[in-house]
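Chain by chain, the residues:
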Amino acid sequence: LLTTYNINSNEKIALRLSKHVLFHIGLIHTGLNCPGKNLLLKGRSGSGRYTITRFVANILESDFVHIGPPSPDEELAIDERVSVFNNLMRDVITNATVHQKRTIIFLRSSNKKPIEERLLTKFVTQRDFASFFPTAQLNDLYSRFTGLHSMNYEQRLVAWKQIRSIIRMNIHVVIAKDINDDD
């Protein structure tokens, strides 16, 4: 699997497949293969959480979305960061609902990304996808999902519930938190 991944991927992975690494690949695979499950991975910096999660995403034939650290300009422009994050989430949610595409979102927790972490945690705990969409784009999502162009309240409610269920199946979030020797 690792050789196949490295042949097909732009980002190569170098993993020494010890019993310890295989055990953690199995744990992450099991967690991300269960509907509605998300992971909080605690470990030391450089322990392989990102690499193993990316590898497991490939095994599960899922897109892998990494929410990286903000640039120095982005650290200052909070509104722009929220806008970029909302655009990303709209794309992931649309692909999950309209195209049945599985996605694993990876975020390394840090004090430089509190906004993204808070929004992602809210999404995971409440499955509130509508907050990422302006009204017109949300209506477009409902139309694309149902094939109906004019929907009454009951039809929108049914679509909303079905989309939440699909999101539960197709979108998984992994947040990696660093621990120190003192923790």
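Our structure's up above, just so we're on the same page.
So, a few notes on the structure that sits alongside this text. The structure displayed is predicted, hence computed values, not measured ones. (Residues numbered from 1 in each chain as written. Predicted model: local features only at pLDDT ≥ 70, side-chain atom pairs only at ≥ 80, totals over all residues. Heavy atoms only, no water.)

**Description of the sheet that holds strand E4 (residues 171-178)**
Worth spelling out the cut-off: Here a strand pair is declared whenever DSSP counts at least two bridges between the two strands. Strands are runs of DSSP state E lasting at least two residues, helices are runs of H or I lasting at least four, and both sets are numbered from the N terminus onward. Where helices are involved, their axes are fitted lines through C-alpha atoms of the stretch in contact, as for all axes, and angles between N-to-C directions lie from 0 to 180°. Residue contacts are counted whenever heavy atoms from the two residues lie within 4.5 Å of one another.
Ordered by their spatial adjacency, four strands build an open sheet running E1-E4-E3-E2, and the pairing between neighbours is parallel. Sheet topology places strand E1 (39-43) and strand E2 (63-67) at the edges, where each strand pairs with a single neighbour. On average, each strand axis in the sheet is tilted by 20° relative to the strand beside it, whichever way the strands run. Note that strand E3 (residues 103-108) and E4 share six bridges and pair parallel. Across the sheet, residue Arg108 finds its bridge partner in E4, namely Ala176. Packed onto the sheet, helix H2 (residues 19-32) meets E1, E3 and E4 and runs at close to 160° relative to E1. Packing of helix H5 (residues 78-98) onto the sheet brings it into contact with E2, E3 and E4, and relative to E2 it is tilted by some 165°.

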